[in-house]
Amino acid sequence: MNNDETPAIVVEVRNVTKIFGPKPEKASQLLEEGRTKTEILEKTNHVVALQDVSFTVHEGEIFVLMGLSGCGKSTLLRCINRLIDPTSGAILIEGTDIVTMDEDELKQIRRERLGMVFQSFALLPHRSVMDNVAFGLEIRGISREERLKTAQSAVELVGLSGYEQSITQELSGGMQQRVGLARALASDPDILLMDEAFSALDPMIRRDMQDELLDIQDRLGKAIIFVTHDLDEALKLGDRIALMKDGRIIQVGTAEDILTNPENEYVERFVADVDISKVLTAADVMKHPGPTVYINDGPRVALHLMEEHGHSCLFVVGKNRKLEGVVTLDDAIEAVKKQIPIRDIMKTDIQVISTSTPVSEVITQLAGVPHHLPVVDDSGKIAGIVLPSTVISALARKEGSNGVA
Amino acid sequence: MLPKLPLGEAVEWLVDMIELYLGWLLDGISDVLGFLIDAFQDLLLAAPPLVTILVFGVIVFLVTRRDWKLAVLTVAGLLVIWNLELWKLSMETLALVVSATIIALLIGLPVGILASMYDYLDSGLRPVLDFMQTMPSFVYLIPAVIFFGLGNVPGVVATVIFAMPPAIRLTNLGIRQIPKELNEVADSFGATTMQKLIKVQLPVAMPTIMAGVNQCIMLALSMTVIAAMIGALGLGYQVLVGIQRVDIGTGFEAGLAIVIIAIILDRITQNLTRSSA
């Protein structure tokens, strides 16, 4: 893999092992003798969280650590900035081993080179958006004036302009994680550690944030280590993916490597389980619902919207964007002539699908409808629409990355 | 039968030893406390009652972020006290309570912070705090008298011992309850222990810590009558007089004044909690 074009190595993890418990030396010895995790747990009551893990991350690369919960991926991430001390092994950050650093060197490298984004956002509740973003700079002892200037550009980078003085708890989950991302970026670190950063977000917002991250990465070219349990997310974000199981890395490679040349049965099963049309839900393939007309609007409004956007029908929404029905072009023209409100001409017996419907089911439903299908969330609010074309292109994209001939 | 354990003798011996070898320290503590109490008393009694009452009203108005109802309630309560001719005694009590609270917090907050950092200190402190809180408060009076004689100073010492535990406990608890990821934020950005404490832990734990401060003040007030038994002045002494003479009128008036002071202090600290949350 290391050819001449490979950019500089930023992080190198060498044979890292982590054993949790009061006396890891004994467990470590047993591990070398070839005992399994379970045996060691039974014998010594020590948990082997990471076992001889090695990998490298290059400049400008998004490296995804993926695996089911409990596989050690978050522990591994925390070893990289030594929130957790590895039991043995070396972790080189731009050539220097962080494992052997003393307190002062560690603080220095954390301040200047490493940024971290957390699953629960972990924003400081007593601080405004701006002061949260400036936190890392404040720790570095940068003057208030200067750090606010730097923080401002980070705020703009993640699209939070106008919210600088907001109280963080009043923001939505997506916005809060933007603050978390801006806080990590404000110190301009070389390495960004992201621990299940988008796992707590709704599917739609999650996809937006993934796109946003890819966009930011295009501009900044950091080395990003991204932990996730979600294969879809890993495939979308990862330049390379490390699949982990029981504290070991099973396979490292590009999305295509992993999907087409699974190294062993476990990887094969992991990715084979991904029957794409069953894994993806309506929420993953839906489009923005486009223009909708409010139930109390007149038919002329509906007609105008249809003309403007070139649609032959429009969804009608009520309070809180709750889906109420659909109005077609013919009906709207009729209604304008007769001067009756939308409420009385819309069709209410429409077929809807929920955001969690698997795509396989969406396909069968799509077969029998003249217009696109509306997707509603649990509260009946319109969340998006699916068209045959959106489904096909979503599946094609997956098949493409699957490399299936 | 087994011989009786010489616990009482041991405690007596310990007290003797302290008196013998740490007398200079006890004198020093006594001087500092005496000075503090006198200073507060002089301050509270410096101006005519009406002026002090209005100043209190303004302070409440400001710390509660312009809650004029509470300010009016404060002024009215203090006017009642003045009217009952309990002004001087009330200010003496307030001086004792404020002094005891300040000492209790000066010791309790740092100890609580340390306990949150070191598990062994936490587990070592727990039985001590249980002991301080469950031992009948009258028992503290005996060594307080032996070490500091009679008067305001031993009263404040006994009050400090009784009122300090919740400040320690809730400071410790507040910091320990901080979500793990918030502590990781401080560490991952390279914060020093002090930066982590000041910029993350204390602000996040502030509502819980303030609840401890509130408890501390309330317990200090509840000790006024007991402290009066060893010569502490103020409303507590008046209640004691009421008991000795079986004079319900005197006892009730002084008791009511204590309640009024308690309500005012409670509302002020609760509002501080809210505005810092």
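Use the structure listed above.
Remember, it's a predicted structure, so these values are computed and weren't measured experimentally.

Participant: Looking at this model, I keep getting lost on the interface of chain A and chain B. Mind explaining?
Facilitator: Bring the parts together and some accessible area is lost; that lost area is often taken as the interface size. With 26 residues of chain A at the contact, the number on the chain B side is 17 residues. When residues of chain A are sorted by the area they lose upon contact with chain B, His126(A), Phe135(A) and Ile139(A) head the list and together hold 25% of the total. Counting every contact that joins chain A to chain B gives three salt bridges. Notably, a salt bridge pairs Glu181(B) with Arg78(A), separated by 3.8 Å at the nearest N-O pair. Connecting chain A to chain B are eight residue pairs in polar contact (both at pLDDT 80 or more). Mapped by element, the contributors of at least two residues to the side of chain A that touches chain B are α4 (103-112), β6 (114-117), α6 (135-139) and α8 (173-186) of chain A. Sorting elements by how many residues they give to the side of chain A that touches chain B places α6(A) first, with four residues. Its residues assigned to classes, the side of chain A that touches chain B comprises twelve nonpolar, six polar and eight charged.

Participant: In this structure, what is going on with a nonpolar patch on the surface? I would like to understand it.
Facilitator: Residues and elements named next belong to chain B. A surface patch of nonpolar side chains, about 640 Å² in accessible area, is lined by Leu-73, Val-80, Ile-248, Phe-252, Leu-256, Val-259 and Ile-263. Among the secondary structure elements, those contributing two or more residues to the nonpolar patch are α4 (68-83) and α13 (248-276). Examining the composition of the nonpolar patch, we find that five residues originate from one element, α13, more than from any other. For Leu-256, the location among the structural elements is in helix α13.

Participant: Help me understand empty space enclosed by the protein in this model?
Facilitator: Space left empty within the atom packing is revealed by a probe, the size of a water molecule, rolled over the atoms. Residue and element names in this part refer to chain B. Taken as a whole and judged by the stated rule, the model has two cavities of 30 Å³ or more. Quantified by volume, the largest cavity comes out at close to 90 Å³. Around the largest cavity, the lining comprises 14 residues; the ones closest to its centre are Leu-96, Thr-159, Ala-220, Thr-224 and Ala-227. Counting only elements with at least two residues in the lining of the largest cavity, the list comes to α5 (87-117), α8 (152-176) and α11 (224-228). Residues belonging to the lining of the largest cavity are distributed by class as follows: nine nonpolar, five polar and no charged.

Participant: Sorry if this is basic, but what is going on with helix α2 (residues 23-46) of chain B here?
Facilitator: Residues spaced three or four apart along an α-helix face the same direction, because each turn holds 3.6 residues. Over its 24 residues, α2(B) runs 34 Å from end to end, which matches the ideal 34 Å to within 8%, given 1.5 Å per residue. Tucked inside the fold, the buried residues of α2(B) contact α1 (7-21), α3 (49-63), α5, α7 (137-148) and α8 of chain B.

Participant: What am I meant to see in the pairing of strand β16 (residues 382-386) of chain A here?
Facilitator: For a regular strand, the rule is simple: side chains alternate between the two faces of the sheet. Residues and elements named next belong to chain A. The element β16 is extensively covered by neighbouring structure, given that five of its five residues are classed as buried. Here four bridges tie strand β15 (residues 373-376) to β16, and the two strands are oriented antiparallel to one another. Among the inter-strand pairings, Val-375 is bridged to a residue of β16, identified as Gly-384. Where β15 hands over to β16, the hairpin turn is made up of five residues, of which Gly-380 adopts a positive phi near 85°.

Participant: In this structure, what is going on with the side chain of Glu181(B)? I would like to understand it.
Facilitator: Following the sequence through the fold, Glu181(B) ends up in helix α9 (residues 180-188). By relative accessible area, which is 15% here, Glu181(B) ends up buried. Here Glu181(B) is in contact with Arg78(A), Phe118(A), Gln119(A), Ser120(A), Phe121(A), Ala122(A) and Asp195(A), once residues within four sequence places are set aside.

Participant: Even after reading the chapter, I still don't get the packing of α7(B) against α8(B), so can you show me in this structure?
Facilitator: All names here are of chain B. Where α7 contacts α8, the two axes come as close as 9 Å, and the packing angle between them is 140°. The orientation of α7 with respect to α8, classified from their angle, is oblique. Seen from above, α7 lies across α8 with right-handed handedness. In this structure, α7 uses Ser-137, Tyr-140, Leu-141, Ala-144, Val-145 and Phe-148 to contact α8, whose residues at the interface are Val-153, Pro-154, Val-157, Ala-158, Ile-161 and Phe-162.

Participant: What's the story with the sheet that holds strand β2 (residues 47-58) of chain A in this structure? I'm lost.
Facilitator: Backbone hydrogen bonds are what pair the strands of a sheet, in a parallel or an antiparallel way. Residue and element names in this part refer to chain A. The four strands are arranged β2-β1-β4-β5 in an open sheet whose pairing can be described as antiparallel. Edge positions in the open sheet fall to β2 and β5 (96-97), since each of these has one partner strand only. With two bridges connecting them, strand β4 (residues 88-93) and β5 associate as antiparallel partners. What sits directly across from Leu-92, in β5, is Asp-97.

About the cut-offs
- Residues numbered from 1 in each chain as written.
- Chains lettered and ligands numbered in written order.
- Predicted model: local features only at pLDDT ≥ 70, side-chain atom pairs only at ≥ 80, totals over all residues.
- Heavy atoms only, no water.
- Contact = heavy atoms within 4.5 Å.
- Buried area = accessible area lost by both parts, 1.4 Å probe.
- Salt bridge = Lys/Arg side-chain N within 4 Å of Asp/Glu carboxyl O.
- Polar contact = N/O pair within 3.5 Å; in protein donor to acceptor, adjacent residues only side chain to side chain.
- Helix = DSSP H or I, 4+ residues; strand = E, 2+ residues; numbered from the N terminus.
- Nonpolar A, V, L, I, M, F, W, Y, C, P; charged D, E, K, R; others polar.
- Patch = residues over 30% accessible without salt bridge, like charges linked within 9 Å, V, L, I, M, F, W, Y side chains within 5 Å.
- Areas by Shrake-Rupley, 256 points an atom, 1.4 Å probe, with all protein chains shown as cover.
- 1 Å grid on protein atoms, 1.4 Å probe; cavity = no way out; pocket = protein on both sides within 12 Å on 5 of 7 lines; lining within 4 Å.
- Points joined across faces, edges and corners; volume = space filled by probe spheres on them.
- Expected span 1.5 Å × (residues − 1).
- Buried < 20%, exposed > 50% of the residue type's maximum accessible area, 1.4 Å probe, protein only.
- Pairing = 2+ DSSP bridges.
- Axes fitted to C-alpha atoms, helices over the stretch in contact; angles between N-to-C directions.
- Parallel < 35°, antiparallel > 145°, perpendicular 65-115°, else oblique.
- Left-handed = near helix turned anticlockwise from the far one by under 90°.

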